[in-house]
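One-letter residues, chain by chain:
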Amino acid sequence: MSPLVDRKVLYCESAPSGTIKLQIVPEIMSKEYQMRAAINQKLIEMGERERLKELLRAKLVECGWKDQLKAHCKDVIREKGLEHVTVEDLVTEVTPKGRALVPDSVKKELLQRIRAFLVQHAAL
Amino acid sequence: MKMEERPLSGPDNTRLEALIQDIYSELVEDACLGLCFEVHRAVKQGYFFLDETDQDSIKEFEIVDQPGVDIFGQVFNQWKNKECECPNCKRLIAASRFAPHLEKCLGMGRNSSRIANRRLASNNNISKSESDQEDNDDLNDNDWSYGAEKKAKKRKSDKNQNSPRRSKSLKHKNGELGTSISLDPYKQYNYNAGISFESLGPNEVRSLLTTQCGVISEHTKKMCTRSHRCPQHTDDQRRAIRLRLLGPS
């Protein structure tokens, strides 16, 4: 059993008969998960996630990643047939290649920005 | 938000790094998904393959990469040395000078009326020094010039008193000036807007000074032919020049 998983017990106070014991699924209550959820929430609330997304998009277009991937899409479409291609097809074909094609500089810059945000805002 | 257990920073940075990597992967996947949706929509709407035309068109509009030629294949300065024949005067004019030449030649365009009026004004001034009378026809063309209008008004009062026109000498003078100026119509840029006062007698000077500014410019030593209210010179200057030329009286 993972040491991070706690079996937590919650008490619901507003029930009329006093307190009710509730047992929650372990994974959701793990501290790790809570922390990640809180950090993600903070990212979204402060608008940082949007900014990071836009930054990543802009950089990927600049470095030609989008065009490369689009060309790969063309091949996939020609292979599967224009009429019958679905979103799932594209996603399964394209995503792994897309992840691999991201240039190192872009990756480094993004990691740097995420790290800076976390260090500043995540009360470590 | 506080952590009771292992902190993110400090010696054990792996959790922090793992977290960062996860966030990064999420962002990249978002970007890929975005692209997939875009492409899928383009495919279904039918505009995905629109940029692929037939081979011939692609060859025709390919980017040209030769020296001496721009990316469209056009030569720079190709028309610089060509000459065109003017439909009016039948001369061969360089291409870059063709438009201004046409303006002067045809008598149309913004500058040509101004220059023609100036020419007439200078003609009138010079002929005025010769005779007291003048062709009213010339003056009637000079509507735009305030000084010329004043001249016209003055002329009419003079005309009744004076003797019959010396039209022969007037026409001869105009004709002579006319030819000399028509030989040189393209040098109007250097037109001098003034008259040199040494060539005029006292009567002409007086009549000139009553209608014109008359202040003598330092650079050209010529009298200003603008009106009495010309903004370049002050009233003091005008008074001084009158004192000088006409003597104290």
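In the block above lies the structure referred to throughout.
Everything numeric in this text was worked out from a predicted model, so none of it was measured.

About the thresholds
Residues numbered from 1 in each chain as written. Chains lettered and ligands numbered in written order. Predicted model: local features only at pLDDT ≥ 70, side-chain atom pairs only at ≥ 80, totals over all residues. Heavy atoms only, no water. Helix = DSSP H or I, 4+ residues; strand = E, 2+ residues; numbered from the N terminus. Buried < 20%, exposed > 50% of the residue type's maximum accessible area, 1.4 Å probe, protein only. Contact = heavy atoms within 4.5 Å. Axes fitted to C-alpha atoms, helices over the stretch in contact; angles between N-to-C directions. Parallel < 35°, antiparallel > 145°, perpendicular 65-115°, else oblique. Left-handed = near helix turned anticlockwise from the far one by under 90°. Nonpolar A, V, L, I, M, F, W, Y, C, P; charged D, E, K, R; others polar. Salt bridge = Lys/Arg side-chain N within 4 Å of Asp/Glu carboxyl O. Expected span 1.5 Å × (residues − 1). Arc of directions from axis to C-beta.

Asker: Could you clarify how one ought to interpret the overall build of chain B in this entry?
Answerer: When its secondary structure is counted, chain B shows 9 helices and 4 strands. Taken from N to C terminus, the helices and strands of chain B fall in the order α-α-β-β-α-α-α-α-α-β-α-β-α. Within chain B, buried positions represent 31% of all 249 residues. Looking at chain B alone, contacts between residues at least 24 apart form 45% of all its contacts between residues at least 6 apart.

Asker: How do you make sense of the packing of helix H3 (residues 48-62) of chain A against helix H1 (residues 14-45) of chain B when you look at a structure like this?
Answerer: Working note: a packed helix pair is described by the angle between its axes plus the distance between those axes. Close contact between H3(A) and H1(B) brings their axes to 10 Å; oriented N to C, the two are set at 60 degrees. Taken together, the axis directions place H3(A) and H1(B) in an arrangement best described as oblique. The handedness of the crossing between H3(A) and H1(B) comes out as right-handed. The segment H3(A) lies against H1(B), with A:Arg49, A:Leu52, A:Lys53, A:Leu56, A:Arg57 and A:Leu60 engaging B:Glu26, B:Leu27, B:Val28, B:Asp30, B:Ala31 and B:Gly34. Residue composition of the contact of H3(A) with H1(B), by class: 6 nonpolar, 1 polar and 5 charged.

Asker: How do you make sense of the pattern of salt bridges when you look at a structure like this?
Answerer: Pairing is possible between side chains that carry opposite charge, provided their charged atoms lie close to one another. For the structure shown, the criterion picks out 15 salt bridges over all chains. For B:Glu26, the salt bridge identified is with A:Arg49, shortest N-O distance 3.3 Å. Note that B:Glu26 is positioned in helix H1 and A:Arg49 in helix H3, a pairing that runs across two chains. Using a relative accessible area of 37% as the deciding quantity, one classes B:Glu26 as partly exposed.

Asker: What is the right way to read helix H2 (residues 31-45) of chain A from this model?
Answerer: Working note: α-helix, 3.6 residues per turn, so residues spaced by three or four point in the same direction. All names here are of chain A. Compared with an ideal rise of 1.5 Å per residue, which puts 15 residues at 21 Å, H2 spans 21 Å between its outermost C-alpha atoms and is within 8% of the ideal. Residues Lys31, Glu32, Met35, Ile39 and Leu43 constitute the buried set of H2. Down the axis, H2 shows its buried residues gathered within 110 degrees of arc, on one side only. With respect to the buried face of H2, the exposed residues turned more than 90 degrees away are Ile44 and Glu45. Residue Gly47 follows H2 closely and has a positive phi angle near 80 degrees.

Asker: Just checking my understanding: could you explain helix H9 (residues 235-246) of chain B for this structure?
Answerer: Residue and element names in this part refer to chain B. Taking 1.5 Å of rise per residue, the 12 residues of H9 would be expected to cover 16 Å, and the 16 Å separating its terminal C-alpha atoms lies within 8% of that figure. Every buried residue belonging to H9 is among Arg238, Ile241 and Arg242, and all of these are buried. Taken end-on, H9 shows its buried residues confined to a sector of 100 degrees, consistent with a single buried face. Among the exposed residues of H9, those oriented more than 90 degrees off its buried face are Asp236, Arg239 and Arg244. If you follow the buried residues of H9, they end up packed against helix H8 (202-211). One or two steps after H9, the chain reaches Gly247, where phi turns positive at roughly 80 degrees.

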